[in-house]
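Residue-level structural notes
What follows is the residue order along each chain.
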Amino acid sequence: MQTGFSLAQLADPDMATSEKILRACVHCGFCTATCPTYLLLGDELDSPRGRIYLIKNMLENGAPATPQVVKHIDRCLSCLSCMTTCPSGVHYMHLVDHARAHIERAYTRGFADRALRAALAAILPHPARFRWALAAAMLAKPLRPLIAALPVVGARLSAMIALAPRRFPARPAPAPIVAAPRARVALLEGCAQPVLAPSINLAARRVLARHGVEVAPTGRQGCCGALTHHMGREARALDFARANVDAWTAEIDQGLDAILITASGCGTTVKDYGHMLRADPAYAAKAARVSALAKDISEYLAGFDPLPSIRRTGQPIAYHSACSLQHGQKIVDAPKRLLRGAGFVTKDVPEGHICCGSAGVYNILQPELATRLRDRKLANIAKTRPMAIAAGNIGCITQLAIAASVPVTHTVELLDWASGGPLPEALRGTRFDADA
Ligand code: SF4
Ligand code: SF4
């Protein structure tokens with residue numbers, strides 16, 4: 001694609017990166033076939049190719065975005081399915097990230113939209129605040145139909161309340177200490193996941209301990225920055241990234257084999273720290289080192305022989321491949337191999353490359369499209385007749401669990417149970433209990 005940026009514009013490293021990406025696009029349109037929003041809406045401007053044109057014009061003009069551009073960029077899930085499909089290697093992720101940051105700087109949203117985005121950015125990355133917000137959402141559940149009928153904000157508030165669980169999860173038991181470790185890793189605790197499902201990282205710690213892997217105590221790490229990054233709040237996202245880079249650098253200096261992440265949405269962002277901080281002389285090298293060590297938990301565990309299963313596994317499990325794992329990190333087979341190694345029968349979901357509609361806070365900001373994608377995903381999952389659904393991302397787990405007819409759990413929780421850990425909370429009272 002030809003571009004018309006001025007030399008002054010290209011002096012900005014973000015603009016230079018975007019220009020390179022734009023020039024790689026040959027507007028063949030292959031990507032439209034696998035774009036969830038194009039599939040639902042059939043509008044070229046809601047396809048990757050259409051959005052690339054809109055972004056090109058917006059950035060070239062250097063003017064504030066128009067409401068039309070914002071509408072179509074906001075509808076993008078950042079699922080990255082288009083990157084998997086594109087034969088020309090167009091790095092759509094970096095392009096849309098730049099576009100979102102530009103919109104955030106140069107466009108004034110309506111009051112309700114601004115307020116909701118500000119609240120999400122202020123609450124979600126902080127576990128203590130998020131816990132309070134969840135408690136409020138749980139109390140508001142009976143009022144949901146009334147709240148949904150409110151003008152302007154009703155649908156989004158209702159979507160937020162629907163995502164809240166009915167009760168807080170039980171406090172899990174601590175993981176064992178590894179006496180003579182064969183490897184040492186860091187584990188991202190994250191922000192929303194430890195509140196919604198603290199059992200996931202505990203399960204990961206137990207599985208790692210059984211493999212003889214020690215988890216280093218990196219207490220100062222926090223949110224990976226993905227939630228604010230995807231809302232275009234670049235400065236805040238980079239602050240989160242720098243804090244994590246600092247926390248992990250101290251451990252890397254003492255010897256660290258990997259930085260593990262159990263939420264694939266976060267993993268995709270941590271793997272991108274090197275790019276996000278490339279223009280910061282104080283952090284560029286350290287961030288690149290962190291990104292090089294970052295691994296999804298399934299990617300890391302796939303390097304070990306399977307643990308012996310001591311449960312009666314053999315149940316059919318629909319494996320839901322999170323977009324951030326399959327498109328963002330190109331990890332497709334490792335989680336299924338691990339589940340099969342533990343004795344489960346994995347089922348591939350038809351249309352497995354299409355997003356479930358979770359996508360960070362997309363299911364709150366775009367509830368109508370997110371619900372349509374969720375229902376489409378669950379209908380496809382039902383065709384595999386599973387006893388449970390496994391996924392590697394808390395966003396997908398929360399999104400699917402609202403309306404799934406079978407329990408939804410994290411892949412590592414199933415691996416933990418199979419090798420001697422407790423039954424995942426979502427599976428209690430199901431046939432798994434009897435098979436234990
Ligand atoms: S498939 Fe790639 S090259 Fe073709 S239009 Fe889409 S982004 Fe551009
Ligand atoms: S990231 Fe997903 S929703 Fe956005 S343009 Fe690409 S395929 Fe479509």
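Below: a short report on this structure.

Conventions adopted
- Residues numbered from 1 in each chain as written.
- Chains lettered and ligands numbered in written order.
- Predicted model: local features only at pLDDT ≥ 70, side-chain atom pairs only at ≥ 80, totals over all residues.
- Helix = DSSP H or I, 4+ residues; strand = E, 2+ residues; numbered from the N terminus.
- Rg over C-alpha atoms; globule rule 2.2 N^0.38 Å.
- Buried ≥ 20, exposed ≤ 12 C-beta atoms within 10 Å, placed from the backbone.
- Contact = placed C-beta atoms within 7 Å.
- Near = placed C-beta within 6 Å.
- Nonpolar A, V, L, I, M, F, W, Y, C, P; charged D, E, K, R; others polar.
- Axes fitted to C-alpha atoms, helices over the stretch in contact; angles between N-to-C directions.
- Parallel < 35°, antiparallel > 145°, perpendicular 65-115°, else oblique.
- Left-handed = near helix turned anticlockwise from the far one by under 90°.
- Pairing = 2+ DSSP bridges.
- Expected span 1.5 Å × (residues − 1).

Okay, the overall build of the protein chain next. Within the protein chain, the secondary structure is distributed over 26 helices and eight strands. Whereas a compact globule of 436 residues would reach a radius of gyration of roughly 22 Å, the protein chain reaches 21 Å, a difference of no more than 12%. Considered along the principal axes of its C-alpha atoms, the protein chain spans approximately 65 × 55 × 40 Å. Per-residue burial over the protein chain gives 48% buried out of 436 residues.

Attention now moves to the environment of serine 419. Among the secondary structure elements, serine 419 is positioned in the loop between helix H25 (411-418) and helix H26 (431-435). Along the backbone, serine 419 and alanine 342 are 77 residues apart, and their C-alpha atoms lie at a distance of 7.7 Å. Non-local contacts of serine 419, meaning those with residues more than four positions away in its chain, are made with Val207, Arg210, Leu307, Pro308, Ser309, Ile310 and Ala342.

Attention now goes to the site of ligand 2. The full set close to ligand 2 counts 13 residues, and Cys35, Pro48, Cys76, Cys79 and Cys82 are the nearest of them. Across the shell around ligand 2, the residue classes tally to nine nonpolar, three polar and one charged.

Close to ligand 1 lie 15 residues, the nearest being Cys25, Cys28, Cys31, Cys86 and Val90. Secondary structure elements with two or more residues in the shell around ligand 1: helix H4 (48-61) and helix H6 (81-85). In terms of residues, the shell around ligand 1 owes the most to one element, H4, which gives three residues. Tallied by class, residues from the shell around ligand 1 come to 10 nonpolar, four polar and one charged.

Viewed as axis vectors pointing N to C, helix H13 (residues 199-210) and H25 meet at an angle of 45°, and their least axial separation amounts to 8 Å. Taken together, the axes of H13 and H25 are oblique relative to one another. Relative to H25, H13 is oriented so that their crossing is left-handed. Of H25, the residues touching H13 (which contributes Ser199, Ile200, Ala203, Ala204, Arg206 and Val207) are Val412, Glu413, Leu415 and Asp416. Classifying every residue of the contact of H13 with H25 by side-chain character gives six nonpolar, one polar and three charged.

Here we take up helix H24 (residues 394-401). Side chains three or four residues apart in an α-helix point the same way, a direct result of the helix having 3.6 residues per turn. Within H24, seven of the eight residues are buried, which leaves the element mostly enclosed by the surrounding structure. Taken together, the buried positions of H24 are occupied by Ile394, Gly395, Cys396, Ile397, Thr398, Gln399 and Leu400.

To continue, consider the sheet that holds strand S2 (residues 213-215). Taken in spatial order, the four strands make up an open sheet running S2-S1-S3-S4, and their pairing is parallel. Where the open sheet ends on each side, the last strands, each with one partner, are S2 and strand S4 (294-296). Across the sheet, the mean angle from the axis of one strand to that of its neighbour is 40°, orientation sign disregarded. Bridge count between strand S1 (residues 183-187) and S2: three bridges; the pairing is parallel. Bridge pairing links alanine 183 to valine 213 in S2.

Once that is clear, we can look at the packing of helix H21 (residues 334-341) against H25. Contact geometry for H21 and H25: axes closest at 10 Å, N-to-C directions at 20°. Compared by their axis directions, H21 and H25 come out roughly parallel. When you trace H21 past H25, the crossing you get is left-handed. Of the residues in H25, those in contact with Pro335, Leu338 and Leu339 of H21 are Thr411, Leu414 and Leu415. Residues of the contact of H21 with H25, tallied by class, amount to five nonpolar, one polar and no charged.

A few words on helix H7 (residues 92-106). The end-to-end C-alpha distance of H7, which contains 15 residues, comes to 21 Å, matching closely the 21 Å that a straight helix rising 1.5 Å per residue would cover. For H7, every residue scored as buried is listed here: Tyr92, Leu95, Val96, Asp97, His98, Ala99, Arg100, His102 and Ile103. In the core, the buried residues of H7 are packed alongside helix H2 (13-24), H4, helix H5 (67-74), H6 and helix H14 (226-229).

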